[in-house]
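# Analysis of the macromolecular model
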Amino acid sequence: MRHAAFLLASLLLGVLALACASSSTPELATSYEADLGRTSRPVIEEHVPRILDRHRYEIERFEDHQSTVYVYTRWSRREPLDDEISLGYSQARTKLTIEARVIGDSRAASNPAYRVRLRADHQLRRPVGSEWEEPALTEMFKQYMDQLARDIRTEFESRFR
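Bear in mind that the values here come from a model prediction, so they are computed numbers and not experimental data. Residue positions are given per chain, counted from 1 along the sequence in the order it is written. Reporting of local features is limited, given that this is a predicted model, to residues whose pLDDT is at least 70; pairs of side-chain atoms are given and counted only at 80 or more, and all residues count toward the totals for whole chains, interfaces and linings. Side-chain numbers come from the whole structure's heavy atoms, not from hydrogens or water.

## With respect to helix α2 (residues 41–54)
The line we're drawing: Working definition: helices are DSSP H or I runs of at least four residues, strands are E runs of at least two. Numbering for both runs from the N terminus. A helix's residues, less one, multiplied by 1.5 Å, set its expected span. What the bend at a residue measures is the angle between two axes, fitted to the seven residues ending there and to the seven starting there. Contact criterion: two residues are considered in contact whenever any of their non-hydrogen atoms come within 4.5 Å of each other.
Between its first and last C-alpha, α2 extends 20 Å over 14 residues, near the 20 Å set by a 1.5 Å rise per residue. At H47, α2 shows its largest bend, some 35°, and a proline, P49, comes one to four positions later. The inward-facing, buried residues of α2 abut β1 (31–40), β2 (59–64), β3 (68–73), β5 (91–102), β6 (113–125) and α4 (139–159). Taken from the residues just after α2, R56 is the one with a positive phi, measuring 70°.

Below, the structure is given as structure tokens:
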């Protein structure tokens, strides 16, 4: 009898857990994030601005904290991508944040290694509306940002050993 009650309770808990898991809808990402790999501080300072400029992003500020460096760009206007246009948008802009954190085991080194991440926020505007919206990322926007991330990652790989 105890065994049957245990099986029934296990079965009910399993069904309940499944019901809870299927009732929640995953949130759609509204910002792009990518790991850019490892590099040194001089590479960040010398080469990231050049790559951002090539992609038409202007650095707004460069923040230097004890073990973290941030590079923030201004909003950069761009043409909406085809899949953004098909959703009814007529204007687009993107803003980047690059975060570089000293890797734990290299803190004491004279030229420590940094783990670098990219975050891209984007906003879209419809022809009639005046408010910028922050919709879910489209596939074409992900591909657009993947290319930028690849360019930075390639630079890091070629300059940092």
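## Brief notes about the pairing of β3
The two faces of the sheet receive side chains in turn, since in a regular strand these alternate between them. We apply this condition: Each residue gets one of three labels from its accessible area relative to the maximum for its type: buried under 20%, exposed over 50%, partly exposed in between, using a 1.4 Å probe on protein chains only. We treat two strands as partners when DSSP finds at least two bridges between them.
Most of β3 is tucked away: six of the six residues are buried. Both faces of β3 are covered, namely the face carrying T68, Y70 and Y72 and the face carrying V69, V71 and T73. Taken together, the five bridges between β2 and β3 define a ladder with antiparallel strand orientation. Bridging across to β3, E63 finds its partner in Y70. From the end of β2 to the start of β3, which pair antiparallel, there are three residues. With five bridges joining them, β3 and β5 adopt antiparallel strand pairing. Looking across to β5, one finds that V71 is bridged to I98.

## Quick look at the packing of α2 against α4
The line we're drawing: Comment: axis = line fitted to C-alpha atoms, over the contacting stretch for helices; angle = value between 0 and 180 degrees taken between N-to-C directions. With respect to orientation, any angle under 35 degrees is reported as roughly parallel, any angle over 145 as roughly antiparallel, any angle of 65 to 115 as roughly perpendicular, and every other angle as oblique. In a left-handed crossing the near helix is turned counterclockwise from the far helix by less than a right angle, and in a right-handed crossing that turn is clockwise. Under the scheme applied here, ten amino acids are nonpolar (Ala, Val, Leu, Ile, Met, Phe, Trp, Tyr, Cys and Pro), four are charged (Asp, Glu, Lys and Arg), and all others, including Gly, are polar.
Where α2 meets α4, the closest approach of the two axes is 10 Å, and the angle between their N-to-C directions is 150°. Considering the angle they form, α2 stands roughly antiparallel to α4. The handedness of the crossing between α2 and α4 comes out as right-handed. Listed contacts from α4 to V43, H47, V48, R50, I51 and R54 of α2 are L148, D151, I152, E155, F156 and R159. Residues of the contact of α2 with α4, tallied by class, amount to six nonpolar, one polar and five charged.

On their own, these measurements won't tell you what the molecule is for.
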